[in-house]
Amino acid sequence: MAIPASELPVAARAPGKCILFGEHAVVHGRPELLLAIDLYTQVAARAAERLSLNGDAEEVGRHPYLTRALAELWDPSRPPLAFTSVSRVPPSAGLGSSAAFSSATAAALIAATGGSERSHLAQAAFDIERGAQGVGSPGDTSASVAGGLVALNAGTGSLLWEVAHGDRRWQVRRVTDPGWVWLVAHTGVPRNTGETVRAVGRRLAEPDGPALLDRFEEVARAGIAAVLAEDRTEVGRRFQENQELLRTLGVSHPKLEALLEAVAPSVEGAKLTGAGAGGSIVALPRPGHEVEAQRRAARAGALAFIVRASPSGARVVEAPSMA
Ligand code: PMV
């Protein structure tokens, strides 16, 4: 479904995400599986006398994603915009808050400038995030634009679109949602995707780097196959293997390890999700143990959510009254 044209005021909503398999390895061309989650960021824009974000003109300059979005998608000869952004996605948690903001903002601006295809939105949202972060793959923004489950570099599933940066191209494919409920839980330890990706790049330059990447690829392919086969036990087992590899890369953290241990009795398997070195975990609760897993995570000090796959990706919604 395309992004329809809309008059101002306009609002759009986009989901956060978690990575089920293959974070970091994806930056080096290996497969990744992402789940867009049913926690959303909503961005609304109306014509105004001066540019602002949540009522504050100074805030725009401090917000690299909004600055980028305006540079990419808003002709400065058009009226200034007052933006309002509300979100249920915890920031700096590895749960795709910047991708959700970039996708929702791009969807709103694209709608206000005549609408476009979803593949164009996927490229625009990636350009915004990559421009603001300086590194990274289009996984987060594509999951937020597509909703549901998506795979990169995997060759599995129907092709949604290709996203490019310079000479590099990534194919984004749809993976069927098994309809499961997942647990995501944030340690509260903030992390920086750019720094972590660069540190991993240095680690992978060591002699065992290529073999490690091969293992990441093997686990991600097996994990995607297990999701498609709806084999929960196997997904849990592959989560554990993926976590072991992430530890070897050096991106786990004592708080992540403590949280993984706390939820272990109620889940099929669990791993950190996103860049790591802080941030969040994802777990597949055992059937009937979802709330118990959430409680265990909360008792261990985490901000925990039970989530499902977001049934839709970024979309234009009715603009709230912004009087
Ligand atoms: O920003 P995060 O924590 O969701 O991490 C993104 C996943 C990485 O593979 C580490 C980087 C990337 O852009 O793919």
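**What to know about the packing of aromatic side chains**
Tallying each qualifying case throughout the model produces 4 aromatic pairs. Plain terms: the ring middles of Trp 180 and Trp 182 are 5.7 Å apart, the flat faces sit at 55° to each other, and that makes the pair tilted. Judged on exposure class, the residue Trp 180 and its partner Trp 182 are both buried. Ring centres of Trp 182 and Phe 239 lie 6.2 Å apart, and the angle between their planes is 40°; on these two criteria the pair is classed as tilted. One end of the pair, Trp 182, is in strand S8 (residues 182-186); the other, Phe 239, is in helix H8 (residues 232-249), and 57 residues separate them in sequence. Assessed through its relative accessible area of 0%, Phe 239 is described here as buried.

**Things to note about the domain arrangement of the protein**
Think of interface size as the accessible area that goes away when the parts come together; that is how it is often given. Along its sequence, the protein is organised into domain 1 (10-177 + 310-317) and domain 2 (182-307). A straight line from the C-alpha centre of domain 1 to that of domain 2 covers 23 Å. Each side of the interface is counted separately: domain 1 has 34 residues, and domain 2 has 44 residues. When domain 1 packs against domain 2, close to 3000 Å² is buried across both sides, 71% of that on carbon and sulfur atoms. On the domain 1 side of the interface with domain 2, the three residues burying the most area are Phe 21, His 24 and Arg 30, jointly 24% of the side's total. The interface formed by domain 1 and domain 2 contains 3 salt bridges. Ionic pairing is found between Glu 23 and Lys 271, a salt bridge with its closest N-O pair at 2.9 Å. Remark: the boundary between domain 1 and domain 2 carries 13 residue pairs in polar contact (both at pLDDT 80 or more). Looking at the side of domain 1 that touches domain 2, the elements with two or more residues in it are strand S1 (10-21), strand S2 (32-47) and strand S5 (149-152).

**Notes on the pairing of strand S6 (residues 158-165)**
Relative to strand S7 (residues 168-175), S6 runs antiparallel, the two sharing 7 bridges. Within S7, the residue paired with Val 163 across the bridge is Trp 170. The hairpin formed by S6 and S7 contains 2 residues between the paired strands, and Gly 166 there has a positive phi angle of roughly 60°.

**Describing the site of the ligand**
The immediate surroundings of the ligand are formed by 15 residues, with Lys 17, Ser 137, Arg 191, Thr 193 and Ala 275 found nearest. The side chain of Lys 17 places a nitrogen or oxygen atom 2.6 Å from an oxygen atom of the ligand. Side-chain polar atom of Ser 137 to an oxygen atom of the ligand: 2.7 Å apart, as the coordinates give it. If the ligand stood free it would expose 380 Å²; the protein chains cover 96% of that surface.

**Describing the side chain of Thr 196**
For Thr 196, the location among the structural elements is in helix H6 (residues 193-204). The class for Thr 196 is buried, based on a relative accessible area of 8%. Not counting residues up to four positions away in its chain, the partners in contact with Thr 196 are His 24, Val 251, Ala 275, Gly 276 and Ala 277.

**Concerning the side chain of His 24**
Mapped onto the elements of the fold, His 24 is located in the loop between S1 and S2. Side-chain polar atoms of His 24 contact the backbone oxygen of Ala 275, separated by 2.7 Å. Each residue touching His 24, except ones within four places of it in the same chain, is listed here: Thr 196, Val 197, Val 200, Leu 246, Leu 249, Val 251, Gly 274 and Ala 275.

**Structural notes on the nonpolar core**
By size, the foremost hydrophobic cluster in this structure holds 54 residues, and its most contacted members are Leu 20, Leu 33, Trp 182 and Val 235. Domain assignment of the residues forming this core places at least three in each of domain 1 (10-177 + 310-317) and domain 2 (182-307). When near neighbours in sequence (up to four residues on either side) are disregarded, Leu 20 contacts Leu 33, Leu 34, Leu 35, Leu 149, Trp 182, Phe 239, Asn 242, Lys 271 and Val 282. With 47 residues, the next largest nonpolar core counts Ala 14, Val 26, Ala 104 and Leu 121 among its residues.

**What to know about the pattern of salt bridges**
Applying the stated criterion across every chain, the model contains 20 salt bridges. With its nearest N and O atoms 3.2 Å apart, the salt bridge here joins Glu 206 to Arg 203. In this structure Arg 203 comes out as buried when scored by relative accessible area, which is 16%. Overlapping salt bridges, with partners in common, bring together Arg 215, Glu 218, Glu 234, Arg 237, Arg 238 and Glu 241 in one network.

What counts and how
Residues numbered from 1 in each chain as written. Predicted model: local features only at pLDDT ≥ 70, side-chain atom pairs only at ≥ 80, totals over all residues. Heavy atoms only, no water. Phe/Tyr/Trp six-rings, centres within 6.5 Å; stacked < 30°, edge-to-face > 60°. Buried < 20%, exposed > 50% of the residue type's maximum accessible area, 1.4 Å probe, protein only. Helix = DSSP H or I, 4+ residues; strand = E, 2+ residues; numbered from the N terminus. Domains from an automatic or database assignment. Contact = heavy atoms within 4.5 Å. Buried area = accessible area lost by both parts, 1.4 Å probe. Salt bridge = Lys/Arg side-chain N within 4 Å of Asp/Glu carboxyl O. Polar contact = N/O pair within 3.5 Å; in protein donor to acceptor, adjacent residues only side chain to side chain. Pairing = 2+ DSSP bridges. Near = heavy atom within 4 Å. Areas by Shrake-Rupley, 256 points an atom, 1.4 Å probe, with all protein chains shown as cover. Core = buried A, V, L, I, M, F, W, Y, C linked by side-chain atoms within 4.5 Å.

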